[in-house]
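# Observations on the model geometry
Here are the chains, one letter per residue:
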Amino acid sequence: MAGVSINELPESILLEVFMHLPARQLLLNCRPVCSLWRDIIDLVTLWKRKCLREGFVTEDWDQPVADWKYLREDMTSWQIDSNGGDHWKVERLPGPHGTEFPDSKVKKYFVTSYEMCLKSQLIDLKAEGYWEELLDTFRPDIVVKDWFAARADCGCTYHIRVQLASADYIILASFEPPPVTIHQWNDARWTEVSHTFSDYPPGVRHILFQHGGKDTQFWAGWYGPRVTNSSIVISHKMTRNPAPSTAHP
């Protein structure tokens, strides 16, 4: 009997197959294969069913969802640098022994395990639409924010590092405060970390954002710091005078 191509299967069968694949694999590996796979993977039905199947929403969910795919995005936008213990995981707020986030629009957080978990994003400023004159002459403030919290019943250590880099990845400015250790039996309060890069050297073309941590009890599972609502904003403000137009990186 001649072999059958997977694309000859009914779309309903392909949809069922895709239902059981991780979101990251669907978006990064499967979606670019062909237009048929792309169209099926873009179906609202697929992502709504995945959200229901994997516990991100319940059958009685009555809130409007603009993009079910975004609700189920998980780690798609992140580079996993360290995946220790039982690895990174996504949980819904407030989580076990947790508290609600100050912004009710935030519904999920990333949580770490008993060995170091770090994830990062590398932002290409020119690809995001920021031109060289703006970056080198005016050098607008770059505002970085992150939020972290511990479980009330477990201690943890939180890490963050943000670096401004040149086109060839030479580090021009860095924000890397000492790790924050939270002791066991804490209030599980969410804490904001904020830093503003200003008056940095000309030549910045990339921003590397990395955060994570681990628990201090070495407990199996997900007892390390929780992180969410990270942001990097290129501000319209400057805390310095513009550099001369002849400035060079």
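Located above this text is the structure these notes cover.
Residues numbered from 1 in each chain as written. Predicted model: local features only at pLDDT ≥ 70, side-chain atom pairs only at ≥ 80, totals over all residues. Heavy atoms only, no water.

This part takes up the sheet that holds strand β9 (residues 191-197). Read across the sheet, five strands follow the order β2-β3-β11-β5-β9 without closing on themselves; strand pairing throughout is antiparallel. Two strands lie at the open edges of the sheet, namely β2 (89-92) and β9, each paired on one side alone. For this sheet, the mean inter-axis angle between neighbouring strands, taken without regard to orientation, is 35 degrees. Pairing analysis gives seven bridges linking strand β5 (residues 142-149) to strand β11 (residues 226-234), with the strands arranged antiparallel. The residue of β11 that forms the bridge with Trp147 is Thr228. (Pairing = 2+ DSSP bridges. Helix = DSSP H or I, 4+ residues; strand = E, 2+ residues; numbered from the N terminus. Axes fitted to C-alpha atoms, helices over the stretch in contact; angles between N-to-C directions.)

With that out of the way, let us pick up the pattern of salt bridges. Taken as a whole and assessed by the stated rule, the structure comprises 11 salt bridges. Close ionic contact of Arg49 with Glu16 constitutes a salt bridge, the shortest N to O distance being 2.9 Å. With Arg49 in helix α4 (residues 44-53) and Glu16 in helix α1 (residues 11-19), the pair connects residues that are 33 residues apart, well separated along the chain. Look at Glu16 and you get partly exposed, because its relative accessible area is 34%. With its nearest N and O atoms 2.9 Å apart, the salt bridge here joins Lys126 to Glu132. Overall, Lys126 belongs to the partly exposed group, its relative accessible area being 45%. The class for Glu132 is partly exposed, based on a relative accessible area of 39%. Taken together, the shared-partner salt bridges connect Lys126, Glu132, Asp136 and Arg205 into one network. (Salt bridge = Lys/Arg side-chain N within 4 Å of Asp/Glu carboxyl O. Buried < 20%, exposed > 50% of the residue type's maximum accessible area, 1.4 Å probe, protein only.)

So, about the side chain of Asn186. With respect to the secondary-structure elements, Asn186 resides in the loop between β8 (180-182) and β9. Judged by relative accessible area, which is 18%, Asn186 ranks as buried. At 2.9 Å, the side chain of Asn186 and the backbone oxygen of His183 are in polar contact. Residues in contact with Asn186, not counting those within four places in the same chain, are Ala150, Arg151, Ala152 and Cys154. (Polar contact = N/O pair within 3.5 Å; in protein donor to acceptor, adjacent residues only side chain to side chain. Contact = heavy atoms within 4.5 Å.)

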